[in-house]
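Letter by letter, the chains look like this.
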Amino acid sequence: MAEQVNSLEELGTVAEGVEAPAAVELDAEPREPKRDDLGRSYATGKRKDAVARVWIKPGSGKVVVNGKAMDVYFARPVLQMILRQPFSVAGVSGQFDVQATVKGGGLSGQAGAVKHGISKALQLYDPSLRGALKAAGFLTRDSRVVERKKYGKRKARRSFQFSKR
């Protein structure tokens, strides 16, 4: 049966043959900003079936989606609010111009994809904004997608109406 160890000194004598693991050093290097030759940051955002390619650069707050102004492409105020959320959370409203191209899905999914892309591009442009964006959950891709239709069913889970007679 093993000896009972009552103090740290005794533990040191028991484990003399065993090498203690070195203290884990956390290399907390600050993140580097990632910008291209034109001073822009690029990120890809995804939501449902929509994929958005987003470039941000310092500017006056103009948002262009697929060659149209944000309020023309996303006519509903709720969708416009979704696109403004990353800027308000990061506290940089009106400081960046956004150029986005988005494909696939519907308007709601496209708005979510552009929001995800803006959030990722903001944290690449200025890594100090990462904490606020991550705390708000904007850097996490929302992986929920529509369940596929199964054979023998009317929809994904809905069956045809049962007829007894």
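Description of the structure in this document.

So, how was this worked out
Residues numbered from 1 in each chain as written. Predicted model: local features only at pLDDT ≥ 70, side-chain atom pairs only at ≥ 80, totals over all residues. Heavy atoms only, no water. Helix = DSSP H or I, 4+ residues; strand = E, 2+ residues; numbered from the N terminus. Buried < 20%, exposed > 50% of the residue type's maximum accessible area, 1.4 Å probe, protein only. Salt bridge = Lys/Arg side-chain N within 4 Å of Asp/Glu carboxyl O.

Here's the deal with unusual backbone geometry
Line of reasoning, step 1. With a phi angle near 50°, K48 is a residue other than glycine that sits in the positive phi range.
Line of reasoning, step 2. Mapping K48 onto the fold places it in the loop between β1 (41-47) and β2 (50-58).
Line of reasoning, step 3. Residue K48 is classed as partly exposed on the basis of its relative accessible area, which comes to 40%.
Line of reasoning, step 4. Despite not being glycine, N66 shows a phi value in the positive range, around 50°.
Line of reasoning, step 5. Within the secondary structure, N66 sits in the loop between β3 (63-65) and β4 (68-69).
Line of reasoning, step 6. Classification of N66 as partly exposed rests on a relative accessible area of 32%.

Digging into the pattern of salt bridges
Line of reasoning, step 1. Enumeration over the complete set of coordinates arrives at 5 salt bridges.
Line of reasoning, step 2. R40 is paired through a salt bridge with D36; the nearest N and O atoms lie 3.0 Å apart.
Line of reasoning, step 3. Owing to a relative accessible area of 26%, R40 belongs among the partly exposed residues under this scheme.
Line of reasoning, step 4. Of the residues examined, D36 reaches a relative accessible area of 31% and is grouped as partly exposed.
Line of reasoning, step 5. In this structure, D142 and R144 form a salt bridge, with 2.8 Å as the shortest nitrogen-oxygen distance.
Line of reasoning, step 6. Assessed through its relative accessible area of 57%, R144 is described here as exposed.
Line of reasoning, step 7. Ionic contacts of the salt-bridge type, sharing partners, join the residues R47, D142 and R144 into one network.

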